[in-house]
Amino acid sequence: MIRQVVLYGHPTLRQKAQPIPLDDPFLDELLNDLWETMYNAEGIGLAAPQIAQPWRAFVVDASPLLEGSSFKETFINPQILGTGNTQQPYEEGCLSIPTIKEKIYRSTRIRIRYYDANRTPQEKTFEGIIARVIQHEYDHLEGKLIIDYLSPLRRQLLRPTLLKIRKGQIKTLYPTLAYAR
Ligand code: ZN
């Protein structure tokens, strides 16, 4: 089912998400909702807190950003084991903070342990844009958002836009849920 994407200002985005039991009967429905909601919004990743579900799960389909290859994966109860020392900047957006795009520095390589959609344990290294998208979604499980990486001055400049987002005054092509009215 396509769910509403919760917008900046919604408390779920600031909570630390909890591990979800692998045999939870709700888990498959949660994953299906994440995929449907992400594709409907033309996103490349979506984390459970973004549909107001405080669980440690996210989905990624970075294929639109990859030339000649694809990457699609489900991450359940992920744990980042390590990040490389090299960081690179890239303009990131977030479905929960529509219209804002900011240059964010992230590690170019990560090591992560997780369960995939079959509940099979995985431990893998990812690089480049895939590593970036995974770090962005992982941040959502920790209650962290891209604006947290910005300087106080930059955040100050974005305040009017953030206020509009909080109030649901920004138009999006996908259903959203604002917390403050
Ligand atoms: Zn996001």
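This text follows the structure it describes.
Within any chain, residue numbers begin from 1 and follow the written order of that chain's sequence. Reporting of local features is limited, given that this is a predicted model, to residues whose pLDDT is at least 70; pairs of side-chain atoms are given and counted only at 80 or more, and all residues count toward the totals for whole chains, interfaces and linings. Think of the side-chain values as coming from all heavy atoms in the structure, minus any hydrogens and water.

Asks: Please explain unusual backbone geometry as it appears in this structure.
Replies: With the exception of glycine, the majority of residues adopt a negative phi angle, and the majority of peptide bonds are in the trans configuration. Positive phi outside glycine occurs at Ala 52, with the angle close to 65 degrees. Think of it this way: any DSSP run of H or I at least four residues long counts as a helix, any run of E at least two long counts as a strand, and we number them from the N terminus. When you line up the elements, Ala 52 lands in the loop between β2 (45-47) and β3 (57-61). The cut-offs for exposure are 20% and 50% of the maximum accessible area for each residue type, with area from a 1.4 Å probe on protein chains only; residues under the lower value are buried, those over the upper are exposed, and the others partly exposed. You can call Ala 52 partly exposed: its relative accessible area is 30%. Despite not being glycine, Thr 99 has its phi angle at roughly 80 degrees, a positive value. Along the chain, the position of Thr 99 falls in the loop between β5 (87-92) and β6 (102-107). Here Thr 99 falls in the exposed class, since its relative accessible area comes to 56%.

Asks: Sorry, what's going on with the side chain of Asn 77 here?
Replies: Among the secondary structure elements, Asn 77 is positioned in strand β4 (residues 72-83). The buried category is assigned to Asn 77, whose relative accessible area is 18%. Here a polar contact means two N or O atoms within 3.5 Å. Within protein one must be a hydrogen donor candidate and the other an acceptor candidate, and residues neighboring in sequence count only if both atoms are side-chain atoms. Within the local environment of Asn 77, its side chain forms a polar contact with the backbone oxygen of Ile 20, the two atoms lying 2.9 Å apart.

Asks: Can you help me understand the pairing of β3 in this one?
Replies: Most of β3 sits out of view: five of its five residues are buried. With burial as the criterion, each face of β3 is covered, one bearing Ala 57, Val 59 and Asp 61 and the other bearing Phe 58 and Val 60. Any two strands with at least two DSSP-identified bridges between them are counted as paired. Taken together, the three bridges between β2 and β3 define a ladder with antiparallel strand orientation. Pairing of Ala 47 across the sheet is with Phe 58, part of β3.

Asks: Hey, could you run me through helix α2 (residues 128-141) in this one?
Replies: Helical geometry note: an α-helix holds 3.6 residues per turn, so side chains three or four residues apart project in the same direction. Over its 14 residues, α2 runs 21 Å from end to end, which matches the ideal 20 Å to within 8%, given 1.5 Å per residue. Taken across its 14 residues, α2 has 13 buried, putting it largely inside the fold. Two residues or fewer past α2, Gly 143 is found with a positive phi of approximately 80 degrees. What a helix is expected to span follows from its residue count: subtract one and scale by 1.5 Å.

Asks: Help me understand the side chain of Thr 37, please; the structure alone is not making it clear to me.
Replies: Mapped onto the elements of the fold, Thr 37 is located in helix α1 (residues 27-40). Owing to a relative accessible area of 2%, Thr 37 belongs among the buried residues under this scheme. From its side chain, Thr 37 meets the backbone nitrogen of Arg 3 in a polar contact 2.9 Å long. Should any heavy atoms of two residues lie within 4.5 Å, those residues are counted as being in contact. For Thr 37, the contacting residues outside a window of four places in its chain are Met 1, Ile 2, Arg 3, Val 5, Leu 46 and Ile 51.

Asks: How should I be thinking about the coordination of the zinc ion in this particular structure?
Replies: Ideal geometry at a metal centre gives angles of 109.5 degrees when four donors are arranged tetrahedrally and 90 or 180 degrees when six donors are arranged octahedrally. Sites may look incomplete because water is not among the atoms; the donors themselves are N, O and S atoms within 2.8 Å of the metal, or within 3.2 Å for Na, K and Ca. The coordination sphere of the zinc ion contains the protein donors Cys 94 (SG), His 136 (NE2) and His 140 (NE2), at a distance range of 2.1 to 2.2 Å. All donors to the zinc ion come from one chain, and their sequence spacing reads C-x41-H-x3-H. Within this pair, whereas Cys 94 is found in the loop between β5 and β6, its partner His 136 is found in helix α2, the two being separated by 42 residues in sequence. For His 136, a relative accessible area of 8% gives the class buried.

Asks: Is there a simple way to think about the sheet that holds β3 in this case?
Replies: Pairing in this open sheet of five strands is antiparallel, and the strands run β2-β3-β4-β7-β8 from one edge to the other. Here the strands that pair on one side only, and so sit at the sheet edges, are β2 and β8 (121-127). The mean inter-strand angle of the sheet, taken between neighbouring strand axes irrespective of direction, is 40 degrees. Packed on one face of the sheet, α2 meets β2, β3, β4, β7 (109-115) and β8 and runs near 155 degrees to β3. Note on geometry: axes are C-alpha line fits, over the in-contact stretch for helices, and angles between N-to-C directions span 0 to 180 degrees.

Asks: What is the right way to read the nonpolar core from this model?
Replies: In these notes, a set of buried Ala, Val, Leu, Ile, Met, Phe, Trp, Tyr and Cys residues joined through side-chain atoms within 4.5 Å is what counts as a nonpolar core. Of all hydrophobic cores here, the largest spans 19 residues; its most connected members are Phe 58, Phe 71, Phe 75, Phe 126, Ile 130 and Ile 134. Elements supplying a minimum of two residues to this core: β3, β7 and α2. With seven residues, the single largest contributor to this core is α2. Not counting chain neighbours up to four residues away, the residues in contact with Ile 134 comprise Phe 58, Phe 75, Ile 110, Ile 112 and Phe 126.

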